[in-house]
Structures are given as C-alpha cells and as structure tokens.
Amino acid sequence: MKFLVIFVSLAILLLANERQDIFSLYQLKEYDKACQLGLINLNKNRKDENFVSIYAFSCLNADYIDRLSVPITLLKNTPESRSNAAYLSVILMQKKILEHSLNDEYYLKPLKIPTTDNLLSKVFDLYSNLSILKKIPVYEFIDPNNAKIRYRLYLIGDRNSNNIVIEEFYESVLVKKHIYR
C-alpha cells in the first residue's frame, strides 16, 4: 500500500512537471520545444484543456499547423476552449485550402471564409484576393497596413509532399521564414 501511495504521488508530480515545463517553454517563446513536449505528453493530458491549448498554440507558433487537428477536437468543454478550437480550425482550414490552390491551381476568389490575425491568415487573404490565378513559383504581396512589409509565398518539396513557405520582409530584409508543416 505504501508503494502505491508513493507511485501515485510521483505520477502526480511528473504530470505537474510536464504541464509546468510546456507552460514555461511557451512563456520563453520556445514554441518548437513546447510543441514537441506537448506531442509526447498529449495522450495522458488530453482531458486537461489548459495543457491542450498551450500545446496547440505552441504548435501554431512553431508553424506545425497540421498538429492542430487533434487539439481542435479535444477543446470543447469551456467557452474559452471552444473559442480556441474555432480559431485554430480557421487557420488549419486556410492552410489546407492554400495548399490545394497552390498545387492544383484552385481559384479562391469566390470563397468567403472567416479569417484571423495570424500571419498565415493574412497571406491567405492576400492570395485569395488575386483577381487572376496564375501558377507561378513565388507570389509576392505587400502588407495593406504597412507598405514596408512584404511577404513571399511558395511551396517547397515535391508534389506529393510539400510545405507552404511564407517569408516576411521588412524593407527588403528577411525578418522570418515560416515553413508550415
């Protein structure tokens, strides 16, 4: 019996450490590490919506958009969780539609879908407002709110397995390169 109490106490302590570790990594903006740690520990923390939300937003900030599908389905018990799930769903949908359009020359102009403040959403909106869709290797956009900010959109990889890339420039200087996996 004493062994069982020690084991349960140790298990609770380890779970608390996982939650604290992912939260600390998120606060330190170590999104890639937080996403990896969250992925490893997601199954045993799937009922903890705070853990799932931190994991999901870590993956979003680390550009692992495809990892959002499981958290979207798990976030359902509170208004905040449902709001997070809706926000993440829009971004995942935009990524999938953008992949489809870039690969298959699918014209997005007639689509009317929600948007977010996320970079992928911003570039999706700019791309979907193109009046004519031409298959070109790289699309360039100027931020409508700041002419000094520019975005480049393209695919890397082969036709069966490719990633969307968005490069952010400020006055011709590359600020960040996002590779959406």
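Structure shown above.
Residues numbered from 1 in each chain as written. Predicted model: local features only at pLDDT ≥ 70, side-chain atom pairs only at ≥ 80, totals over all residues. Heavy atoms only, no water.

1. Regarding the nonpolar core
Next up, step 1: If you look at the biggest cluster of nonpolar residues, it comprises 42 residues, and the most contacted ones within it are Leu68, Leu88, Leu98, Tyr127, Phe141, Leu153 and Ile166.
Next up, step 2: Among the elements that take part in this core, helix H3 (residues 49–61) stands out by supplying eight residues, more than any other.
Next up, step 3: Other than its neighbours up to four places away in sequence, Leu88 contacts Ala56, Phe57, Leu60, Leu68, Ile72 and Leu75. (Core = buried A, V, L, I, M, F, W, Y, C linked by side-chain atoms within 4.5 Å. Buried < 20%, exposed > 50% of the residue type's maximum accessible area, 1.4 Å probe, protein only. Helix = DSSP H or I, 4+ residues; strand = E, 2+ residues; numbered from the N terminus. Contact = heavy atoms within 4.5 Å.)

2. Comments concerning the packing of aromatic side chains
Next up, step 1: One pass over the structure, following the stated rule, counts three aromatic pairs.
Next up, step 2: Judged by centre distance (5.2 Å) and plane angle (85°), the ring pair of Tyr127 and Tyr139 falls under edge-to-face. With Tyr127 in helix H6 (residues 119–128) and Tyr139 in strand S1 (residues 139–142), this pair connects stretches of sequence that are 12 residues apart.
Next up, step 3: Take Tyr127: its relative accessible area is 2%, and that puts it in the buried class.
Next up, step 4: Just above the ring of Phe169 sits the side chain of Arg150; from NZ or CZ to the centre is 4.5 Å.
Next up, step 5: Positioned above the aromatic ring of Tyr64 is the side chain of Arg181, whose terminal nitrogen or guanidinium carbon lies 4.0 Å from the ring centre. (Phe/Tyr/Trp six-rings, centres within 6.5 Å; stacked < 30°, edge-to-face > 60°. Lys NZ or Arg CZ within 6 Å of the ring centre and 35° of its normal.)

3. Focus on the layout of surface pockets
Next up, step 1: Taken as a whole, the largest pocket encloses approximately 170 Å³ of empty space.
Next up, step 2: Here the lining of the largest pocket is composed, by residue class, of six nonpolar, three polar and three charged. (1 Å grid on protein atoms, 1.4 Å probe; cavity = no way out; pocket = protein on both sides within 12 Å on 5 of 7 lines; lining within 4 Å. Points joined across faces, edges and corners; volume = space filled by probe spheres on them. Nonpolar A, V, L, I, M, F, W, Y, C, P; charged D, E, K, R; others polar.)

4. Remarks on the side chain of Lys95
Next up, step 1: Relative to the elements of secondary structure, Lys95 occurs in helix H5 (residues 79–104).
Next up, step 2: Lys95 gets classed as buried once you look at its relative accessible area, which sits at 1%.
Next up, step 3: Residues in contact with Lys95, not counting those within four places in the same chain, are Ile65, Asp66, Leu120, Ile164, Tyr180 and Arg181.

5. Some thoughts on the pattern of salt bridges
Next up, step 1: All chains considered together, the criterion is met by 12 salt bridges.
Next up, step 2: For Asp66, the salt bridge identified is with Lys96, shortest N-O distance 3.1 Å. With Asp66 in the loop between H3 and helix H4 (69–74) and Lys96 in helix H5, the pair connects residues that are 30 residues apart, well separated along the chain.
Next up, step 3: For Asp66, a relative accessible area of 32% puts it in the partly exposed group. (Salt bridge = Lys/Arg side-chain N within 4 Å of Asp/Glu carboxyl O.)

6. With respect to the packing of H3 against H5
Next up, step 1: Between H3 and H5, whose axes approach to 11 Å, the crossing angle comes to 25°. One finds that H3 runs roughly parallel with respect to H5. Judged by the sense of rotation from one axis to the other, the crossing of H3 with H5 is left-handed. Contacts between H3 and H5 pair Glu49, Ser53, Ala56, Phe57 and Leu60 from the former with Ser81, Asn84, Tyr87, Leu88 and Ile91 from the latter.
Next up, step 2: By residue class, the composition of the contact of H3 with H5 is six nonpolar, three polar and one charged. (Axes fitted to C-alpha atoms, helices over the stretch in contact; angles between N-to-C directions. Parallel < 35°, antiparallel > 145°, perpendicular 65-115°, else oblique. Left-handed = near helix turned anticlockwise from the far one by under 90°.)

7. Concerning the environment of Leu174
Next up, step 1: Within the element layout of this structure, Leu174 appears in strand S4 (residues 173–180).
Next up, step 2: When the C-alpha atoms of Leu174 and Arg150 are compared, they prove to be 9.3 Å apart, with 24 residues separating the residues in sequence.
Next up, step 3: Dropping the residues within four chain positions of it, Leu174 is found in contact with Glu167, Glu168 and Phe169.

8. What to know about unusual backbone geometry
Next up, step 1: Residues other than glycine seldom take positive phi values, yet Lys29 does so here, at roughly 65°.
Next up, step 2: On the basis of relative accessibility, which here comes to 61%, the residue Lys29 falls in the exposed class.
Next up, step 3: In this structure, Glu105 is a non-glycine residue whose phi angle is positive, near 55°.
Next up, step 4: Within the element layout of this structure, Glu105 appears in the loop between H5 and H6.

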